[in-house]
Amino acid sequence: MKKIGFLSFGHYRDVQGSLVRTARDALLQTIDLAVAAEELGVDGAYLRVHHFAPQFAAPFPLLSAMAARTSRIELGTAVIDMRYENPLYMAEEAAAADLISGGRLQLGLSRGSPEPALRGYEAFGYVPTEGSTDADEARKHTLVFRAAVSGAGLATADPMMTGSSGTLAIEPQSPGLGNRIWWGSGTRATAKWTGEQGMNLMSSTLLTEDTGIPFDQLQAEQIEVFRKAWADAGHEGTGRVSVSRSIIPLVSDDDRRYFGLRAQAEGRDQVGRLDGGLARFGKSYIGEPDVIAAQLAADAAVQTADTLLVTVPNQLGVEYNARLLENLVRHVAPAAGWR
């Protein structure tokens, strides 16, 4: 584990106990948390994207604002649901945000997870063609997006305007962005495809398959499949891998009041049905810092991954989450193998 970052879903709701009651609260507080995380030495600040829900939806304005307030920390998504995206417009926005950041964007893409809206991507105008699925459309959008950010000519030039009959690439271009694209994978099969495509791998706290072995071991198998596929495909270098975990060190009275009871209920893997098949959900790490550090040191996937993304309870506000991150980087992460 070389890097550690936070992952925020950007929840906002006007309910008792929430310090994030509006979308504006969620956006501004995430900028402040990115600044605080950078000051603490955290390596990354990542956003989860959903649609038709009170949480983050359009990531690039927020990523650009975070980039303008920081100078070192990686900024990314985990993940953008490509079923909903216009790949060329997204490529323009991504390049602009990456230029503002100085080349710090790490963009996680995916077919997406279940959303509140039934086939919500169709309301955005993206209806799968006959014989194809929404997953096929997501991969098709991703192919076009990757070509666009890598400078491919995708539109025929107008000779009257350009004096050329060639093709035009989108502008702006941000050199290197094409090498910082990740795919959110929920199975060993999609991890293999990710490696073949030469994208980095993101794996969350959910795998949409189950073989009966513990979550971390199944995820470690997924990572091994990805790395072999990457090497077999002949891609240069080594693809990066991130895994997500829910980690809450119980240090203060507030920590114990908010999360103490959850330690027993969420301290083991869970298996359930999702999208018509079995899925395995990874356990949460909630407890004393030294206990969590030992558990993470024994987590097979965390130890083989390059980056650990820690989900944060953003509705508790910036101050609480900054303290949580401080406890992680001071009392947990070093003993678990960080740096």
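See the structure shown above.
Nothing here was measured: the structure is a model prediction, and the numbers come from that model.

Quick notes on the rules
Residues numbered from 1 in each chain as written. Predicted model: local features only at pLDDT ≥ 70, side-chain atom pairs only at ≥ 80, totals over all residues. Heavy atoms only, no water. Helix = DSSP H or I, 4+ residues; strand = E, 2+ residues; numbered from the N terminus. Buried < 20%, exposed > 50% of the residue type's maximum accessible area, 1.4 Å probe, protein only. Contact = heavy atoms within 4.5 Å. Pairing = 2+ DSSP bridges. Right-handed = clockwise from strand over helix to strand, strands pointing away. Patch = residues over 30% accessible without salt bridge, like charges linked within 9 Å, V, L, I, M, F, W, Y side chains within 5 Å. Areas by Shrake-Rupley, 256 points an atom, 1.4 Å probe, with all protein chains shown as cover. Salt bridge = Lys/Arg side-chain N within 4 Å of Asp/Glu carboxyl O. Axes fitted to C-alpha atoms, helices over the stretch in contact; angles between N-to-C directions. Parallel < 35°, antiparallel > 145°, perpendicular 65-115°, else oblique. Core = buried A, V, L, I, M, F, W, Y, C linked by side-chain atoms within 4.5 Å.

Chemist: Sorry, what's going on with the environment of W230 here?
Modeler: Considering the arrangement of structural elements, one finds W230 in helix α8 (residues 215–233). Using a relative accessible area of 10% as the deciding quantity, one classes W230 as buried. Excluding its chain neighbours within four sequence positions, the residues that come into contact with W230 are G195, G198, M199, N200, H235, E236, G237, T238 and G239.

Chemist: How should the sheet that holds strand β12 (residues 277–281) be read in this particular structure?
Modeler: In a beta sheet, neighbouring strands pair by backbone hydrogen bonds and run either parallel or antiparallel. Strand order in the open sheet formed by 3 strands is β9-β12-β11, and the pairing between neighbours is antiparallel. The two strands at the open ends of the sheet, each matched to only one other strand, are β9 (206–207) and β11 (270–274). Bridge count for β11 against β12 is 5 bridges, and the pairing is antiparallel. Each residue of the ladder has a partner; that of R273, found in β12, is L278.

Chemist: Would you take a moment to explain the pairing of strand β1 (residues 3–8) for this structure?
Modeler: It is a general feature of regular strands that their side chains alternate between the two faces of the sheet. Counted residue by residue, β1 has 5 buried out of 6 residues, so it is predominantly covered. Pairing analysis gives 5 bridges linking β1 to strand β14 (residues 307–311), with the strands arranged parallel. Residue pairing for β14: K3 is matched across the bridge by T307. In this fold, the crossover linking β1 to strand β2 (residues 44–47) by way of helix α1 (residues 23–40) has right-handed handedness.

Chemist: Before we go on, may I ask you to explain a nonpolar patch on the surface in this structure?
Modeler: A contiguous nonpolar patch, built from L88, L143, V144 and L154 and spanning about 310 Å² of accessible area, is present on the exposed surface. Its location among the elements puts L154 in the loop between α5 (134–149) and β5 (155–156).

Chemist: Any chance you could explain the packing of helix α2 (residues 59–69) against helix α3 (residues 87–101) here in plain terms?
Modeler: When two helices pack together, their arrangement is given by the angle between the helix axes and the distance between those axes. Between α2 and α3, the least distance of the axes is 8 Å, while the angle of their chain directions is 10°. Taken as axis vectors, α2 and α3 run roughly parallel relative to one another. Taken together, the residues of α3 that come into contact with α2 (itself represented by F60, S64, A67 and A68) are M90, E93, A94, A97, I100 and S101.

Chemist: Can you help me understand the nonpolar core in this one?
Modeler: One broad trend across soluble globular proteins is that nonpolar side chains are buried collectively. Grouped together as the largest cluster of nonpolar side chains are 74 residues, with contacts concentrated most on F60, M66, L107, L109, F145 and L325. Here this core gets 7 residues from one element, more than from any other, and that element is helix α13 (residues 317–332). Leaving out residues up to four positions away in the same chain, L325 has contacts with F6, L33, A37, L40, V42 and V312. Y46, V79, M202 and L309 belong to the second-largest nonpolar core, a separate cluster that totals 7 residues.

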